[in-house]
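# Geometric and topological summary
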Amino acid sequence: MKRSRLLCSVLLSSWTLAALARSDSAPASAEAVSPEVQARITRVEQGLSTHVVVKGSPERTMTLAQRMAFHQVPAVSIALINDGKVEWARAYGLADVASRRPATTTTLFQAGSVSKAVSAIGALRLVEQGKLVLDGDANRQLTSWKIPQNAFTQKEPVSLRMLLNHGAGTTVHGYDGYEQGQKLPTLLQVLDGAAPANSAPVRVDIAPHSTWRYSGGGYSIIQLMVTEAAKQPFDAYMKAALLDPLGMVRSTFAAPLPEALRSEAATAYDGNGKAVAGQWHVFPESAAAGLWTTPSELARVVLEVQQAEAGKSDRILSREMAKALLTRDLGEYGLGFFVENLGDRTSFSHSGANVGFRAQIYGYTRSGQGVVVMTNSDGGAALIEEILCSIAAEYHWPEFQVVEKTAMAGDAATNRRLAGDYRLVNRPARVVAEGDRLYFQSELFGARRMELFAQSKTEFFMTAQDMAIRFEQDSDGAVSGFALLRGGQSYPATRVQ
């Protein structure tokens, strides 16, 4: 299977860990289900495994409670889709550690970049209504701001289709958001990187439709296109056009989060279990990262895409447009989802990573299966992957089977040569050598170090997450950086001298 995803040292207190240790046997929120379904839930809760294991290591599965404690994830919420409906929904752990407020299936989480998939559907609905067009110069559909022209755009203009596909050549990979109380930039300030925006200007710096490159900045352009075409604020349009029709009554793109919903929101935590200042960051870059929702409500998006693709619903998108949504252009991406053709079905998915939140949406056409998992921790990505492995085993999914890889014996001299500080997606990363063992650490994947297992002197894999690293050398033979390989994509990192 292919998928792409891309603080302080304070541990959870002992009573918090005890609460997490009880969470799989007594979830904070449990709706009544049949004994057969309950048995399946129990097997999922007790069958977690890393996606990659070292060949020859003892085979073992772990419980959800154990892995929540290990990854320091206070809360996780799951909605499981089977046979074209939400078969069960469960929430575990604490939405807020300080008050010991339990997570429930109605607790709101930030969806991070899963917002892009939902926003894309909203944009495509405007295309169906004739208010936007997929192809042609996007600047013809913009009034208050235009994509700055240069040598790249003169050869081929940027289109909405390219922006939806991450093939427009636009900059700004992602956004950090703003602490509570900070002045929020307008969308135009975000696009131009003007104060108080904390991100760079959104510009085209490679030829449009030449390379697939993930761009949150491109989705900010889409946000403006949608706002102007709909003639209303982005959050109001998405509520009227998508959220309300799908019954997603608790979900919102509003920034900041409305006061009436704050008590229902999970607090965000870093990878060490420390609460994010102000409880969470605010994301005015709504289309790229601003959705607040629950797994049960987000599952309605999966179900609607499945129904539309099958020609059984056209309340949001026609069958033709749903197929366009799930058709790859550049890369492994359609017009809002990562897409994998599996023969008898197609998977469509998206991960999300805001400060202190990690999320995953996953669905299959034709089989009526899928899942949404949301967490309130920077350590949530690894936990989500382990949950998916357990779900795949229980529900016989064609992906997420556990993979065995052969590891070479570690070499202390090689490890010392590779160890050092690096910059990965403009964030600090570190490779640490401890004798014949080598470790990788990046805040992009939580605070915990992940062991690297050698396949050669330059190529290593991890078991904590399904990722690999290939170290690179300059002409003098010195280690100059590495490529992080994840979900079929390669993310370059440079060594810090």
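Note: the structure precedes this text.
Residues numbered from 1 in each chain as written. Predicted model: local features only at pLDDT ≥ 70, side-chain atom pairs only at ≥ 80, totals over all residues. Heavy atoms only, no water.

### Thoughts on the overall build of the protein
Applied cut-off: Strands are runs of DSSP state E lasting at least two residues, helices are runs of H or I lasting at least four, and both sets are numbered from the N terminus onward. Only C-alpha atoms enter the radius of gyration, while the globule expectation follows 2.2 Å times N to the 0.38, with N the number of residues. Per-residue and other accessible areas were derived by the Shrake-Rupley procedure at a 1.4 Å probe size, with only the shown protein chains allowed to occlude residues.
From N to C terminus, the protein includes 14 helices and 22 strands. Scaling as 2.2 N^0.38, a compact globule of 497 residues should have a C-alpha radius of gyration of about 23 Å, and the protein matches this with 22 Å. With respect to the three principal axes, the spread of C-alpha positions in the protein is 65 × 60 × 50 Å. For the protein, the accessible area works out to roughly 19200 Å², and carbon and sulfur atoms hold 50% of it.

### Remarks on the side chain of Ser390
What counts, and what does not: In this analysis, two residues are considered to be in contact whenever any of their non-hydrogen atoms come within 4.5 Å of each other.
Checked against the element boundaries, Ser390 lands in helix H13 (residues 380-395). Apart from the residues within four sequence positions on either side, Ser390 is in contact with Arg43, Val44, Gly47 and Leu48.

### Digging into the packing of aromatic side chains
As a reminder, the rule being used: Planes of paired rings set the category: under 30 degrees apart is stacked, over 60 is edge-to-face and the rest tilted, where pairs are Phe, Tyr or Trp rings (Trp by its six-membered ring) whose centres lie within 6.5 Å. A 1.4 Å probe rolled over the protein chains alone gives each residue an accessible area, and that area as a share of the maximum for its type sets the label: buried under 20%, exposed over 50%, partly exposed in between. Here, over-ring charges are defined by two tests on the NZ atom of lysine or the CZ atom of arginine: distance to the ring centre within 6 Å, and angle to the ring normal within 35 degrees.
Overall, the coordinates contain 20 aromatic pairs when judged by the stated rule. Between Trp280 and Trp292, the ring centres sit 5.0 Å apart and the planes meet at 75 degrees, which makes this aromatic pair edge-to-face. Of the two residues, Trp280 sits in the loop between helix H9 (234-243) and strand S8 (281-282) while Trp292 sits in strand S9 (residues 292-293), which places them 12 residues apart along the sequence. The two residues Trp280 and Trp292 agree in class, both being buried. Feature note: the residues Tyr422, Phe440, Phe445, Phe460, Phe471 and Phe482 constitute an aromatic cluster, connected by ring pairs. Positioned above the aromatic ring of Phe70, the side-chain terminus of Arg448 is 4.1 Å from the ring centre. We note Arg449 situated over the ring of Tyr439; from NZ or CZ to the ring centre the distance is 4.2 Å.

### Considering unusual backbone geometry
The omega torsion of the bond from Ala195 to Pro196 falls at 10 degrees, within 30 degrees of zero and hence cis. Tracing the backbone shows Pro196 in the loop between helix H7 (187-192) and helix H8 (216-230). Cis peptide bonds are those with omega within 30 degrees of zero, and the linkage from Ala255 to Pro256 qualifies with 0 degrees. Considering the arrangement of structural elements, one finds Pro256 in the loop between H9 and S8. We note that Gln72 has phi near 55 degrees; this positive angle belongs to a residue other than glycine. Overall, the relative accessible area of 8% leaves Gln72 in the buried class. Despite not being glycine, Val425 has its phi angle at roughly 50 degrees, a positive value. Topologically, Val425 is positioned in the loop between strand S15 (420-424) and strand S16 (427-434).

### Observations concerning the pairing of strand S19 (residues 459-462)
The criterion, for reference: At least two DSSP bridges between two strands are needed for those strands to be called paired.
As defined by bridge partners, strand S18 (residues 450-454) adjoins S19 across 3 bridges and the pair is classed as antiparallel. Opposite Leu452, over in S19, you have Met462 as the bridge partner. Of the pairings in the sheet, the one linking S19 to strand S20 (residues 467-473) comprises 3 bridges and is antiparallel in character. Paired with Glu459 across the strands is Arg470, a residue of S20. Joining the antiparallel neighbours S19 and S20 is a turn of 4 residues.

### A look at the environment of Met467
Topologically, Met467 is positioned in strand S20. On the accessibility criterion, Met467 (1% relative accessible area) is buried. Between the C-alpha atom of Met467 and that of Gly488, which follows or precedes it by 21 residues, the distance is 9.6 Å. With residues up to four places along the chain from it excluded, the contact list for Met467 reads Phe440, Phe445, Met450, Phe461, Met462, Leu484, Leu485 and Arg486.

### Concerning the environment of Arg90
Put simply, the rule is: A 3.5 Å cut-off defines polar contacts: any pair of N or O atoms within that distance qualifies, except that in protein one atom must be a possible hydrogen donor and the other a possible acceptor, and neighbouring residues in sequence count only when both atoms are side-chain atoms.
With respect to the helices and strands, the residue Arg90 is situated in strand S4 (residues 85-96). Arg90 sits 19 residues away from Phe109 along the chain, and the two C-alpha atoms are 14 Å apart. Among the polar contacts made by the side chain of Arg90, one reaches the side chain of Gln38 at a distance of 3.2 Å.

### Focus: the sheet that holds S18
For the record, the criterion: Here, axes are lines fitted to C-alpha atoms. For helices the fit covers the stretch in contact, and angles between N-to-C directions go from 0 to 180 degrees.
Spatially, the 8 strands close up into a barrel ordered S15-S16-S17-S18-S19-S20-S21-S22, and their pairing is antiparallel. The sheet shows a mean angle of 30 degrees between the axes of neighbouring strands, taken without regard to direction.

### Topic: the nonpolar core
Under the convention used in this document: The criterion is simple. A nonpolar core is a set of buried Ala, Val, Leu, Ile, Met, Phe, Trp, Tyr and Cys residues joined through side-chain atoms within 4.5 Å.
With 92 residues, the main nonpolar core has Ile121, Leu124, Leu164, Ile221, Leu298 and Phe337 as its most contacted residues. The leading source of residues in this core is helix H4 (residues 114-128), at 9 residues. Discounting residues that sit within four places of it in the chain, Ile121 has contacts with Leu242, Val301, Val305, Ile316, Leu317, Leu325 and Phe337. Core analysis: the next-biggest nonpolar cluster, separate from the first, contains 25 residues, Leu48, Tyr92, Ile384 and Leu388 among them.

### Quick notes on helix H11 (residues 295-309)
Defined as follows: A helix's residues, less one, multiplied by 1.5 Å, set its expected span.
With 15 residues, H11 ought to run about 21 Å at 1.5 Å a step, and its terminal C-alpha atoms sit 21 Å apart, in line with that. When you tally the buried positions in H11, you get 12 out of 15 residues, the bulk of the element. Buried residues of H11: Pro295, Glu297, Leu298, Ala299, Val301, Val302, Leu303, Glu304, Val305, Gln306, Ala308 and Glu309, and no others.

### Some details on the pairing of S16
It is a general feature of regular strands that their side chains alternate between the two faces of the sheet. Pairing between S15 and S16: 5 bridges, direction antiparallel. Counted as the bridge partner of Gly420 is Val431 from S16. In this antiparallel pair of consecutive strands, S15 and S16, the connection spans 2 residues, and Val425 shows a positive phi of 50 degrees. As judged from the 6 bridges shared by S16 and strand S17 (residues 437-442), these two strands associate in the antiparallel manner. Residue pairing in the sheet places Ala429 in a bridge with Ser442 of S17. Taking the residues that link successive antiparallel strands as the turn, the S16-S17 hairpin has 2 residues, and the phi of Gly435 there is positive, at about 65 degrees.

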